[in-house]
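Summary of the model geometry
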Amino acid sequence: LRQIRSSQVRLPNVVAHWGGMLLTEKRVIRSEEIWSVYEQVLIAALDVGEFELGQICYDALQNRFGSESARLGRLQGMMAEAEKDWTQARS
């Protein structure tokens with residue numbers, strides 16, 4: 001996942017699959033990378049239509065950074081857009 005992030009390649013199927021496994025099975029991830037992994041997996045999950053995984057990642061990020069985070073606001077908009085909730089995506 002680190003290599004995919006650093007090379008700025010989009011491989012959503014790979015990221016959602018392996019990242020989802022890492023996060024849901026509570027595998028060890030370096031503490032300085034954990035939040036980047038959650039964000040990376042959230043975006044990949046949206047790309048492949050795994051909205052439940054995306055919500056899990058979003059919830060973890062919200063618990064860590066709070067609901068006032070501008071970045072989380074953008075991610076929430078992306079989630080609404082992926083789910084075709086146009087009203088929520090605009091807000």
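Residues numbered from 1 in each chain as written. Predicted model: local features only at pLDDT ≥ 70, side-chain atom pairs only at ≥ 80, totals over all residues. Heavy atoms only, no water.

1. Things to note about the environment of T87
Here T87 is to be found in helix 6 (residues 86-90). A sequence separation of ten residues divides T87 from G77, and the C-alpha atoms of the two residues are 9.7 Å apart. (Helix = DSSP H or I, 4+ residues; strand = E, 2+ residues; numbered from the N terminus.)

2. Some details on the packing of helix 3 (residues 34-47) against helix 5 (residues 70-82)
In the contact formed by helix 3 and helix 5, the axes pass within 10 Å of each other and the chain directions differ by 20°. The orientation of helix 3 with respect to helix 5, classified from their angle, is roughly parallel. Handedness of the helix 3/helix 5 crossing: left-handed. Contacts between helix 3 and helix 5 involve E39, L42, I43 and L46 from the first element and R71, L75, M78, M79 and A82 from the second. Of the residues assigned to the contact of helix 3 with helix 5, the class counts are seven nonpolar, no polar and two charged. (Axes fitted to C-alpha atoms, helices over the stretch in contact; angles between N-to-C directions. Parallel < 35°, antiparallel > 145°, perpendicular 65-115°, else oblique. Left-handed = near helix turned anticlockwise from the far one by under 90°. Contact = heavy atoms within 4.5 Å. Nonpolar A, V, L, I, M, F, W, Y, C, P; charged D, E, K, R; others polar.)

3. A word on the nonpolar core
Of all hydrophobic cores here, the largest spans 21 residues; its most connected members are L23, Y38, V41, L42 and C57. Only helix 2 (12-24), helix 3, helix 4 (51-65) and helix 5 provide two or more residues apiece to this core. If you tally residues by element for this core, the top one is helix 3, at eight residues. Other than its neighbours up to four places away in sequence, C57 contacts L23, Y38, V41 and L42. (Core = buried A, V, L, I, M, F, W, Y, C linked by side-chain atoms within 4.5 Å. Buried < 20%, exposed > 50% of the residue type's maximum accessible area, 1.4 Å probe, protein only.)

4. Quick look at helix 4
In this model, helix 4 (15 residues) spans 20 Å end to end at C-alpha, consistent with the 21 Å of a helix rising 1.5 Å per residue. Looking one or two residues beyond helix 4, the residue adopting positive phi is G66, at roughly 85°. (Expected span 1.5 Å × (residues − 1).)

5. Comments concerning the confidence of the model for the protein
Summary statistics for the protein give a mean pLDDT of 91 and a share of 98% for residues scoring 70 or more. The element-level mean pLDDT for the protein is lowest in helix 6, coming to 74, with helix 3 highest at 96. (pLDDT = per-residue confidence, 0-100.)

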